[in-house]
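So you can see what is in the structure, the chains are spelled out below.
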Amino acid sequence: MIRVELVKLLRRPRTWVTIVALNALPTLVAVLLAVTDIGPRPGSGPPFLSAVLTDGTLFPLAALGIVLPLFLPVAVAVVGGDSIAGEVQSDTLRYLLVRPVSRLRLLVAKLVSIVAFVVVATLVVAVVAYVEGRLFLGNAPATGVVSVSGTTLSSGEMLERTVLAFGYVVLAMLGVAAIALLLSTMTDSAVAAALGTIGFLIASTVLLGLDAAESLRPYLLTRYWLAFVDLFRDPIRWTDVVHGVLAQLAYLVVFAGAAWANFATRDINK
Amino acid sequence: MIQTRGLTKTYGDVRAVDEVHLDVREGDVYGFLGANGSGKTTTVRMLLGLVMANAGEAELFGEPMPKSAASVLPRIGALVEGPGAYPHLSGRANLALFDAAAGARARRADQRSRITEVLEQVGLDPSDKRPTKTYSLGMKQRLGLAAALVRRPPLLVLDEPTNGLDPQGIRDIRELLLGLNRAGTTIFLSSHLLAEVEQMSTRVGVLDRGRLVLQEDMSAIRAVTGLVRVRTPDPDAAIALLDGRVQERGAGEVVVRADDIADLNVRLVTAGVRVTGLEPVRRTLEQVVLEATTP
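Residues numbered from 1 in each chain as written. Chains lettered and ligands numbered in written order. Predicted model: local features only at pLDDT ≥ 70, side-chain atom pairs only at ≥ 80, totals over all residues. Heavy atoms only, no water.

### Description of the overall build of chain A
Here is step 1: Helices and strands together make up the secondary structure of chain A, namely 10 helices and two strands.
Here is step 2: For chain A, the succession of helices and strands along the chain, N to C, is α-α-α-α-α-α-β-β-α-α-α-α.
Here is step 3: The C-alpha radius of gyration computed for chain A amounts to 20 Å, which stays within 12% of the reference 18 Å derived for 270 residues, consistent with globular compactness.
Here is step 4: Once the C-alpha set of chain A is aligned to its principal axes, its extents read approximately 60 × 40 × 30 Å.
Here is step 5: Taken across its 270 residues, chain A has 51% of its residues classed as buried.
Here is step 6: Taking contacts inside chain A between residues at least 6 apart in sequence as the whole, the part at least 24 apart equals 75%.
Here is step 7: Entry remark: accessible area of chain A is about 11,700 Å², with carbon and sulfur atoms responsible for 70%.
Here is step 8: Averaging the positions of the 19 positive and the 16 negative side-chain charges in chain A gives two centres separated by 10 Å. (Helix = DSSP H or I, 4+ residues; strand = E, 2+ residues; numbered from the N terminus. Rg over C-alpha atoms; globule rule 2.2 N^0.38 Å. Buried < 20%, exposed > 50% of the residue type's maximum accessible area, 1.4 Å probe, protein only. Contact = heavy atoms within 4.5 Å. Areas by Shrake-Rupley, 256 points an atom, 1.4 Å probe, with all protein chains shown as cover. Lys, Arg positive; Asp, Glu negative; His and termini not counted. Charge placed at Lys NZ, Arg CZ, Asp CG, Glu CD.)

### Observations regarding the overall build of chain B
Here is step 1: Along the backbone of chain B there are 11 helices and 15 strands.
Here is step 2: Against the compact-globule benchmark of 19 Å for 295 residues, chain B has a radius of gyration of 24 Å, which places it well outside the compact range.
Here is step 3: Projected onto its principal axes, the C-alpha positions of chain B cover 75 × 45 × 30 Å.
Here is step 4: In the structure as shown, chain B presents an accessible area of about 13,500 Å², 49% of it carried by carbon and sulfur atoms.
Here is step 5: If the 37 positive side-chain charges of chain B are averaged to one point and the 37 negative ones to another, these points end up 7 Å apart.

### Remarks on the packing of helix α6 (residues 103-136) of chain A against helix α10 (residues 238-264) of chain A
Residue and element names in this part refer to chain A.
Here is step 1: The N-to-C vectors of α6 and α10 enclose an angle of 145 degrees; their axes lie 10 Å apart at closest approach. Seen along the crossing, α6 lies across α10 with a hand that is right-handed. Counted together, Arg103, Leu104, Leu106, Leu107 and Leu111 of α6 and Leu252, Ala256, Ala259, Trp260, Phe263 and Ala264 of α10 form the full contact between these two elements.
Here is step 2: Looking at the contact of α6 with α10, its residues break down into 10 nonpolar, no polar and one charged. (Axes fitted to C-alpha atoms, helices over the stretch in contact; angles between N-to-C directions. Left-handed = near helix turned anticlockwise from the far one by under 90°. Nonpolar A, V, L, I, M, F, W, Y, C, P; charged D, E, K, R; others polar.)

### Observations concerning the interface of chain B and chain A
Here is step 1: Counting residues at the interface gives 34 residues for chain B, matched by 28 residues for chain A.
Here is step 2: Between chain B and chain A, roughly 2,500 Å² of surface is buried when both sides are summed, and carbon and sulfur atoms account for 56% of that area.
Here is step 3: Along the contact surface separating chain B from chain A lie one salt bridge.
Here is step 4: We note a salt bridge from Asp267 of chain A to Lys9 of chain B, for which the minimum N-O separation is 2.5 Å.
Here is step 5: Counting across the interface, chain B meets chain A through 16 residue pairs in polar contact (both at pLDDT 80 or more).
Here is step 6: At the level of elements, β1 (2-11), α2 (69-72), β7 (76-79), α3 (91-101) and α5 (137-149) of chain B are the ones that each hand at least two residues to the side of chain B that touches chain A. (Buried area = accessible area lost by both parts, 1.4 Å probe. Salt bridge = Lys/Arg side-chain N within 4 Å of Asp/Glu carboxyl O. Polar contact = N/O pair within 3.5 Å; in protein donor to acceptor, adjacent residues only side chain to side chain.)

### Some thoughts on the packing of aromatic side chains
Here is step 1: Under the criterion given, the structure shown has six aromatic pairs over all chains.
Here is step 2: Ring centres 5.4 Å apart and planes at 15 degrees place the aromatic pair Tyr30 of chain B and Phe188 of chain B in the stacked group. Taken together, the residues Tyr30 of chain B in strand β4 (residues 29-34) and Phe188 of chain B in strand β9 (residues 186-191) connect sequence positions 158 residues apart. Neither Tyr30 of chain B nor Phe188 of chain B differs from the other in exposure class; each is buried.
Here is step 3: Aromatic pair Tyr86 of chain B and Phe98 of chain B: ring centres 5.8 Å apart, planes at 25 degrees, arrangement stacked. Within this pair, whereas Tyr86 of chain B is found in the loop between β7 and α3, its partner Phe98 of chain B is found in helix α3, the two being separated by 12 residues in sequence. Of the two residues, Tyr86 of chain B and Phe98 of chain B, neither departs from the other in class, the shared state being buried.
Here is step 4: Feature note: the residues Phe200, Tyr251 and Phe255 of chain A constitute an aromatic cluster, connected by ring pairs.
Here is step 5: Taking NZ or CZ as reference, Arg75 of chain B lies 4.4 Å from the ring centre of Phe61 of chain B, over its face. (Phe/Tyr/Trp six-rings, centres within 6.5 Å; stacked < 30°, edge-to-face > 60°. Lys NZ or Arg CZ within 6 Å of the ring centre and 35° of its normal.)

### What about the nonpolar core?
Here is step 1: Of all hydrophobic cores here, the largest spans 154 residues; its most connected members are Phe59, Leu106 and Phe228 of chain A together with Leu48, Ile76 and Phe188 of chain B.
Here is step 2: Residue contributions to this core peak at 12 residues, all from α6 of chain A.
Here is step 3: Looking at this core, you find at least three residues from each of domain 1 (2-221) and domain 2 (225-293) of chain B.
Here is step 4: For Phe228 of chain A, the residues in contact, after removing those within four places along its chain, are Pro47, Phe48, Leu61, Leu64, Gly65, Leu68, Ala165 and Tyr168 of chain A.
Here is step 5: Counting residues in hydrophobic clusters, the runner-up holds 10 residues, among them Leu242, Val254, Leu268 and Val273 of chain B. (Core = buried A, V, L, I, M, F, W, Y, C linked by side-chain atoms within 4.5 Å. Domains from an automatic or database assignment.)

### As for helix α3 (residues 59-67) of chain A
Here is step 1: With respect to burial, α3 of chain A is a largely interior element, nine of its nine residues being buried.
Here is step 2: Its buried side turned inward, α3 of chain A meets α2 (13-36), α4 (71-89), α6 and α7 (155-172) of chain A.

### Overview of the pairing of strand β13 (residues 246-250) of chain B
All names here are of chain B.
Here is step 1: Pairing of β13 with strand β14 (residues 253-257), which is carried by four bridges, proceeds in the antiparallel orientation. Paired with Glu248 across the two strands is Val255, which belongs to β14.
Here is step 2: The turn linking β13 back onto β14 is made up of two residues, and Gly252 within it adopts a positive phi angle of 70 degrees. (Pairing = 2+ DSSP bridges.)

### Some points on the confidence of the model for chain A
Here is step 1: Counting all residues, the mean pLDDT for chain A is 89, and 96% of those residues have values of 70 or more.
Here is step 2: At the low end of the mean pLDDT range in chain A sits strand β1 (residues 145-146) of chain A, at 68; at the high end sits helix α8 (residues 174-186) of chain A, at 96. (pLDDT = per-residue confidence, 0-100.)

### Side note on the sheet that holds strand β15 (residues 277-282) of chain B
All names here are of chain B.
Here is step 1: Pairing is antiparallel in the open sheet, where four strands are placed in the order β13-β14-β12-β15. On the outer flanks of this sheet lie β13 and β15, each paired with one strand and no other. For this sheet, the mean angle separating the axes of adjacent strands, direction not counted, is 25 degrees.

### Focus on the pairing of β4 of chain B
Residue and element names in this part refer to chain B.
Here is step 1: Counting buried positions over the six residues of β4 gives six, a clear majority of the element.
Here is step 2: Neither face of β4 is exposed, since Val29, Gly31 and Leu33 on one face and Tyr30, Phe32 and Gly34 on the opposite face are all buried.
Here is step 3: Of the pairings in the sheet, the one linking β4 to β9 comprises five bridges and is parallel in character. Note that in β9 the partner of Tyr30 across the bridge is Phe188.
Here is step 4: Judged from the five bridges that link them, β4 and strand β10 (residues 203-208) form a sheet pairing that is parallel. Considered in β10, the bridge of Gly34 is made with Leu207.

Below is the structure:
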């Protein structure tokens, strides 16, 4: 079933339209930076963006910083919201279930395919951004890269940490994916499920900026998302990254569990 | 093949399906009749494990549903309340996908020839590459049937299988289903079309507001009633002769009770009553259904 879901995901035009759309903003940023040569002041704007004018190979990380807070989670919400509700809308859910595909296997396959979407989407963003960085932006000094802490990282270390950062971003989307999956089992409308998930994201972002919500902060969905920057400190500062991964796993367990509880015995009337 | 005992589904205070005892035997074409909203589709969904019953049991192939879904469902081809297909894929790709979804490890070539065969059977072009979103309602319906047939199941559960088809298409599908039945497939056919059920079924169940009000073999339903319709230009003479056995009279015809039509004919003719026609009266399915469902 997992293989079938992956085939469905990859053969679906919408998947690729979403990924193209995901690349639009970083591309626009790259073009603007290249044309104007005006970068954000160091320490402001998305992470790494001030550095890319000198070193274009850092642009994948900057692109990740651009899409992570909003675009990527919205795309995950759309794909995740569509997972079960979309099958209802195309009248295919009942035919999958009477094949039979067990409800648990269907949910797991859907979750895996959402994660696969995140992996593919971030990889495409990385590759496109790397090409854009080499084409439009600063040529890297071959000697190495200055870490966020000021020391120099070799290109080997950089590669290693970039891979870690992309892995972290994929994990960071687990919470959104699980919430979207739950909502998708609760409604027959894919749009409603996607918008509900985006509602969660906005609520989390609002609470994050509210001092009165201080005590809630460590548990918020979006709290540790940008902690991937910590992977480029020297030495790596793991605290927030680990917290982030644990928080996402907690979201995954709670919401995917709730999705299973809801879906296992639900009447399929459509 | 299908046995239910006291199968019940309530939505709030509404008893959508109320203690239904179905009995479908191997080799039957079982016509499951009922008005829209009588609970047919809910019953079908319970048989397939899509909707959970509040009370009662269902057994398919002698195994309880939904408990044994994993072993029961692979032996069923189902069409439930309209076909479903992924709109951006071709009909063939849809069938391949559904076939693979259950995890059947079929050889590619086998699967391909099975799909080609079943597409031809339902009257679709196996080489059609267009996505199903361009299909007409009738083509979607045919694809839905193909999806039900693709694994050659011994039991078909079909809900309104001829919906959206033109008269020729309806005939083709009817022939196809009857052919499969002759080859041993049991068919559970849910429909609100009396004529369709009358033409195909060997056994009938009638659902009325959630209750199974009739379940009988078609031959019993259509059995002679002991009544004979006599067509004659002299109805008064006929009534005078057969007084006491006349059930009803119409223009140029009399319906009388008679066990032997040949004897009746002799009596009429010897008495000088001219007879233009004699036929045993059979109940139509429509009459039976209306009798069973009228409160």
